[in-house]
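Chain and residue survey
This is what each chain is made of:
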Amino acid sequence: MMASRGTGAVLSRAARMRQKLQSALEANVLDIEDVSYQHAGHAAVKDNANETHFNIRVISSKFEGQSLVKRHRMVYDLLNDELNSGLHAISIVAKTPKESGS
């Protein structure tokens, strides 16, 4: 019998973010970097400074014809649950394949 990932497995915030963004945006490139350690000790960061700040770089054809504001709104909307449950800040680079040269 093959081992499977139990349904009770808890995914990290980065893994949940990756799933949501990849699924909805069908990204050619999706880089998610946890930079929470850079913000430890800031007033807005509570006792557990894990997975609160991320840099996100996403390249997707879904961004074609969308303004930068609209692209960022798409990402924020997809991550709304995370933003309401401890994700404090994200830095977004959102480009089309043509803009990225890929």
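Provided above is the structure to which this section pertains.
Everything numeric here is computed off the predicted structure, so don't read it as measured data.

This paragraph deals with the pattern of salt bridges. In the structure shown here, the tally under the stated rule is seven salt bridges. Between Asp31 and Arg57 there is a salt bridge whose closest N-O contact spans 3.1 Å. Of this pair, Asp31 sits in strand 1 (residues 29-34) while Arg57 sits in strand 2 (residues 53-59), and the two are 26 residues apart along the sequence. Accessibility expressed as a relative area gives 36% for Asp31, which makes it partly exposed. Residue Arg57 is classed as partly exposed on the basis of its relative accessible area, which comes to 36%. With its nearest N and O atoms 3.4 Å apart, the salt bridge here joins Asp77 to Arg73. Note that Asp77 and Arg73 are positioned in helix 2 (residues 68-78) at a spacing of four residues, about one turn of the helix. Classification of Asp77 by relative accessible area gives partly exposed; the value is 47%. Residue Arg73 is classed as partly exposed on the basis of its relative accessible area of 45%.

Among the seven residues of strand 2, five are classified as buried, and the element is accordingly described as predominantly covered. Here six bridges tie strand 1 to strand 2, and the two strands are oriented antiparallel to one another. Bridge pairing links Leu30 to Val58 in strand 2. When strand 2 meets strand 3 (residues 89-95), the two strands line up parallel, connected through seven bridges. What sits directly across from Arg57, in strand 3, is Val93.

Here the focus is the environment of Ile32. Within the fold, Ile32 resides in strand 1. With 25 residues separating them in the primary sequence, Ile32 and Arg57 have C-alpha atoms 6.6 Å apart. Setting aside chain neighbours within four positions, we find Ile32 in contact with Ala14, Met17, Arg18, Leu21, Phe54 and Asn55.

How each quantity is defined
- Residues numbered from 1 in each chain as written.
- Predicted model: local features only at pLDDT ≥ 70, side-chain atom pairs only at ≥ 80, totals over all residues.
- Heavy atoms only, no water.
- Salt bridge = Lys/Arg side-chain N within 4 Å of Asp/Glu carboxyl O.
- Helix = DSSP H or I, 4+ residues; strand = E, 2+ residues; numbered from the N terminus.
- Buried < 20%, exposed > 50% of the residue type's maximum accessible area, 1.4 Å probe, protein only.
- Pairing = 2+ DSSP bridges.
- Contact = heavy atoms within 4.5 Å.

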